[in-house]
Amino acid sequence: MTRILGIDPGSRKTGYGIIDVERGKARYVASGVIRIPEGPLPERLKLIFDAVCQIAQQYQPAQMAIENVFMSKSAGSALKLGQARGAAIVAGTNSGLEVAEYEARKVKQAVVGNGGADKLQVQHMVKTLLSLPAAPQEDAADALAVALCHMHTEQTLAFTAGDGGRAVASVAGVSVCEWLLPLSLFRWGRYNKFGITHDWTIERLSGRSAAAAAIGGCAGSWLRSARSHDHYL
């Protein structure tokens, strides 16, 4: 089992989300928002650092994933966001965590299937994928989405490396069926994960074809596959 801490950085609100990954499946652990009060920037950065260190100590994750800096409306805002990211990254590194960084579009592509998805779509898919009773607060949902993106990336890298032969293909098949394919069907308006069997997914998407789909198209590739096999839905 691997525990992943996702961080959505901000100088006023920093979201965090923690998931456990076991046999290709994610399980929700905790999430929340670090709210930073008004004050000098150095003090706010210290609060972010201390809070992330405390979360890492409490939940003991093995890996941390954080959203990369995006283009802001002003240079000042982008600079503050970058400094908040830096405080969180140093906290993670100081806690002995492996730290990975992902662009916002890649996170949305991995979770929603659309790099231009809005906050509500991300919240909805995080709720669905983690079987939560209600949608998390948007900063917490973004952090959970970063953690899920990291999980998908690690699974894809392990699969494409050919580690373990058919065993890895089996894990990747379960991941594809339960994560990527439902995302594509959701965008298509035909979300029905119970209508497609794991055997069908593994049989038709094993070996190089699965690797190519995972690398080249993610949700888009699965959508095309689903449309061409409509009788399975």
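Procedures and definitions
- Every residue gets a number counted from 1 within its own chain, in the order that chain's sequence is written.
- A pLDDT threshold of at least 70 governs which residues receive local features in this predicted model, and a stricter bar of 80 or more applies before side-chain atom pairs are shown or counted, although totals over entire chains, interfaces and linings include all residues.
- By convention in this description, side-chain values take in all heavy atoms of the structure and omit both hydrogens and water.
- The numbering of helices and of strands both runs from the N terminus, where a helix is a DSSP run of H or I of at least 4 residues and a strand a run of E of at least 2.
- Exposure categories follow from relative accessible area, calculated using a 1.4 Å probe and restricted to protein chains: below 20% of the type maximum is buried, above 50% is exposed, and the middle band is partly exposed.
- For this analysis, residues touch if any pair of their heavy atoms sits within 4.5 Å.
- Take the residue count of a helix, subtract one, and multiply by 1.5 Å to get its expected span.
- Among buried residues, those of type Ala, Val, Leu, Ile, Met, Phe, Trp, Tyr and Cys that are joined through side-chain atoms within 4.5 Å constitute a nonpolar core.
- Every angle, taken between N-to-C directions, lies between 0 and 180 degrees, and every axis is a line fitted to C-alpha atoms, over only the stretch in contact when it is a helix.
- Throughout this description, any angle smaller than 35 degrees is read as roughly parallel, any larger than 145 degrees as roughly antiparallel, any in the 65 to 115 degree range as roughly perpendicular, and the remainder as oblique.
- Throughout, a crossing is termed right-handed when the near helix is turned clockwise from the far one, and left-handed when it is turned anticlockwise from it by less than a right angle.
- In this classification, the charged set is Asp, Glu, Lys and Arg, the nonpolar set is Ala, Val, Leu, Ile, Met, Phe, Trp, Tyr, Cys and Pro, and all remaining amino acids, among them Gly, are polar.
- By this definition, two strands are paired if DSSP reports at least two bridges between them.

Draft legend 1. Broad picture of the environment of K80. Note that K80 resides in helix α2 (residues 75-94). By relative accessible area, which is 35% here, K80 ends up partly exposed. The spacing of K80 and L45 is 35 residues in sequence and 9.4 Å in space, taken between C-alpha atoms. K80 has contacts with S11 and L41, leaving out every residue within four places of it along the chain.

Draft legend 2. Examining helix α1 (residues 41-59) more closely. Under the 1.5 Å per step criterion, the end-to-end length of α1 is 27 Å for 19 residues, consistent within 8% with the ideal 27 Å. Looking at the buried side of α1, the elements it contacts are β1 (2-8), β2 (13-22), β3 (25-35) and α2. At the exit of α1 stands Q60, carrying a positive phi of roughly 55°.

Draft legend 3. Structural view of the nonpolar core. Grouped together as the largest cluster of nonpolar side chains are 25 residues, with contacts concentrated most on I19, V111, V126, L130 and L148. Sort the elements by how many residues they give to this core and helix α5 (residues 138-160) lands first, with seven residues. Excluding residues that lie within four positions of it along the chain, L130 makes contacts with I19, A26, R27, Y28, L144 and L148. Listed in part, the 24 residues of the second largest apolar core include A30, L45, Y59 and L97.

Draft legend 4. Seen up close, the packing of helix α4 (residues 119-129) against α5. At a minimum axis distance of 9 Å, the contact between α4 and α5 shows a crossing angle of 60°. On the basis of the axis angle, α4 is oblique to α5. As α4 runs across α5, the sense of the crossing is left-handed. Each of K119, V122, Q123, V126 and L129 in α4 lies in contact with α5, whose residues at this interface are E138, A141, D142, L144, A145 and L148. Here the residues of the contact of α4 with α5 are counted per class, giving seven nonpolar, one polar and three charged.

Draft legend 5. Spatial organisation of the sheet that holds β1. Strand order across the open sheet formed by five strands is β3-β2-β1-β4-β5, with mixed pairing between neighbours. Strand pairing shows two members of the sheet lacking a second neighbour, β3 and β5 (98-102), which therefore form its edges. Going from strand to strand, the sheet's axes swing by 20° on average, the running direction of each strand aside. Of the strand pairs in this sheet, β1 and β2 are connected by seven bridges, and their pairing is antiparallel. Bridge assignment links G6 to a residue of β2, and that residue is G17. Contacts from α2 reach β1, β4 (63-67) and β5 within the one sheet, and its direction differs from that of β4 by about 175°.

Draft legend 6. Spotlight on the pairing of β3. Direction of pairing for β2 relative to β3: antiparallel, over a ladder of 10 bridges. Directly across from G15, in β3, lies its bridge partner V33. Hairpin remark: β2 followed by β3, antiparallel, with two residues in the connecting loop; positive phi at R23, about 55°.

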